[in-house]
Amino acid sequence: MHNRRRNLLQTAGIVAAALAAGLLKPIAALAATWNKEAFSAKNPGDALKSLGAASAEASSAIVIEAPHIAENGAVVPVEITSNIAGTTSIAVLIDKNPFPLAGKFDFMEGALPFVKLNLKMSESSDVRAVVMAGGRNYVATKEIKVTIGGCGG
Amino acid sequence: MAAGPMKMRAALGAGYTDVRVLMSHPMETGQRKTPDGKLVELHFIQNVTVKVNGKTVVESQISQAISRNPVFSFRVKGGAKGDKIEVAWLDNKGETNSTEATIA
């Protein structure tokens, strides 16, 4: 009896809190997921662990197109194509950035596993593309040299 | 700097549609300092979603390591003239914006 009453009170509390949060920030309800743990990781290994991709097999079927030398670390154009069948997502990591994970792209039916984006790089570093396909992980790496870093200012 | 307008272009390619989108956003890393030595607050886009005729095809989570005024290219399978492409973003302060284009 006591237990049930406690549960009821707890539930009521949670609902009230959710409502209050909802009223203050209606946008929060629309918020998509954002893997805070992975994005807060300070080394690529931890970031990959948080993404569930602690181990990945090297693959030449992932193509990273990027300059060998980027003059401006604030804008480094990188293009990633996965030729692995059944690719569901591509994660981009810059090993030497303060927070290595730059993005994770999930592809649903109707999209090709391709993304082109501009990265900020604090210094010369390996850039990794980690592909998830059919429950397995694959990785390709490319080193990009940066003449002027893009983090401070 | 507040978030500004977006621009998008959707062009038919060989078997796919190339979607190129530009978002106006400061993408502050939280590490930059103003001349008087104050840190500029972390402010960046966290989520980008691509929809084709109302159906989500790409969902992304991004960090402050994406350059200011982000430009992305995505590829949508097939596509026909008149298909509607929609791209929306949401940042860490709850600001949001979206734009639409039809394949030309």
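Residues numbered from 1 in each chain as written. Chains lettered and ligands numbered in written order. Predicted model: local features only at pLDDT ≥ 70, side-chain atom pairs only at ≥ 80, totals over all residues.

## Description of the overall build of chain B
In plain terms, the rule: Elements are defined by DSSP. Helices are runs of H or I of four residues or more, strands are runs of E of two residues or more, and each kind is numbered from the N terminus. Contact between residues is assigned whenever the C-beta positions, reconstructed from backbone atoms, fall within 7 Å.
Helix and strand counts for chain B stand at zero helices and seven strands. The order of α-helices and β-strands along chain B, N terminus first, is β-β-β-β-β-β-β. The principal-axis extent of the C-alpha atoms belonging to chain B is close to 55 × 20 × 20 Å. Taking the intrachain contacts of chain B between residues at least 6 apart in sequence as the baseline, contacts between residues at least 24 apart amount to 52%.

## Quick word on the overall build of chain A
Convention followed: The exposure label follows from counting other C-beta atoms within 10 Å of a residue's C-beta, where the C-beta atoms are placed from the backbone and the thresholds are 20 or more for buried and 12 or fewer for exposed, leaving partly exposed in between.
Along chain A, the regular secondary structure elements total three helices and nine strands. Along chain A, from the amino end to the carboxyl end, the secondary structure elements read α-α-α-β-β-β-β-β-β-β-β-β. By the burial criterion, 33% of the 153 residues in chain A qualify as buried.

## Things to note about the interface of chain A and chain B
This is how the line gets drawn: Two strands pair under a simple rule: DSSP has to find at least two bridges between them.
Chain A puts 35 residues into the contact, and the matching count from chain B is 32 residues. Among the elements that take part in the side of chain A that touches chain B, strand 7 (residues 111–119) of chain A stands out by supplying eight residues, more than any other. By the bridge criterion, five bridges tie strand 6 (residues 101–107) of chain A to strand 4 (residues 55–62) of chain B in an arrangement that is antiparallel. Bridge pairing links Gly103 of chain A to Ile62 of chain B in strand 4 of chain B.

## Section: unusual backbone geometry
Residue and element names in this part refer to chain B. Phi is positive for Met27, close to 50°, though the residue is something other than glycine. With respect to the secondary-structure elements, Met27 resides in the loop between strand 2 (16–23) and strand 3 (45–52). Of note, Asn53 is a non-glycine position whose phi angle comes to about 45°, a positive value. Within the secondary structure, Asn53 sits in the loop between strand 3 and strand 4.

## Some words on the nonpolar core
The condition is simple: The term nonpolar core means buried Ala, Val, Leu, Ile, Met, Phe, Trp, Tyr and Cys residues held together as one set by C-beta atoms within 7 Å.
The biggest cluster of nonpolar side chains holds 60 residues, and the ones touching the most others in it are Leu101, Ala102 and Leu119 of chain A together with Phe74 of chain B. With six residues, strand 7 of chain A is the largest single contributor of residues to this core.

## Re the confidence of the model for chain B
Interpretation of this model should avoid reading the predicted coordinates in detail wherever pLDDT is low. This is how the line gets drawn: In predicted models, pLDDT denotes the confidence assigned by the predictor to each residue on a 0 to 100 scale.
Here chain B shows a mean pLDDT of 93. Residues at 70 or above account for 97%. Reported confidence for the predicted complex is 0.94 by ipTM and 0.85 by pTM.

## Thoughts on the environment of Val146 of chain A
Residues and elements named next belong to chain A. Its place among the elements puts Val146 in strand 9 (residues 136–148). The sequence separation of Val146 and Glu71 amounts to 75 residues, and the corresponding C-alpha distance is 5.8 Å. In contact with Val146, not counting residues within four places along its chain, are Ala70, Gly73, Met121, Glu123 and Ser124.

## What to know about the sheet that holds strand 2 (residues 62–65) of chain A
Strand pairs in the sheet, formed through backbone hydrogen bonds, run parallel or antiparallel to each other. Here is the rule: To obtain an axis, a line is fitted to C-alpha atoms, over the contacting stretch when the element is a helix, and the angle between two such axes runs from 0 to 180 degrees between their N-to-C directions.
The sheet built from six strands is open, its strands ordered 2(A)-4(A)-7(A)-5(B)-2(B)-1(B) with antiparallel pairing. The open sheet is flanked by strand 2 of chain A together with strand 1 (6–12) of chain B, the only strands paired with a single partner. Geometrically, the sheet is characterised by an average inter-axis angle of 15° between neighbouring strands, direction not taken into account.

## Quick look at the environment of Gly30 of chain B
Residue and element names in this part refer to chain B. Within the secondary structure layout, Gly30 lies in the loop between strand 2 and strand 3. For the pair Gly30 and Ile85, spaced 55 residues apart in the sequence, the C-alpha separation amounts to 32 Å. Residues within four places of Gly30 in sequence aside, it is in contact with Leu39, Glu41, Leu42 and Gln64.

## Quick look at the pairing of strand 6 of chain A
Residue and element names in this part refer to chain A. Strand 6 sits mainly inside the fold: six of its seven residues count as buried. Note: strand 5 (residues 87–94) against strand 6, five bridges, orientation antiparallel. Its bridge partner lying in strand 6, Ala91 is registered against Lys104. With antiparallel pairing between neighbouring strands as the criterion, strand 5 and strand 6 make up a hairpin whose turn holds six residues.

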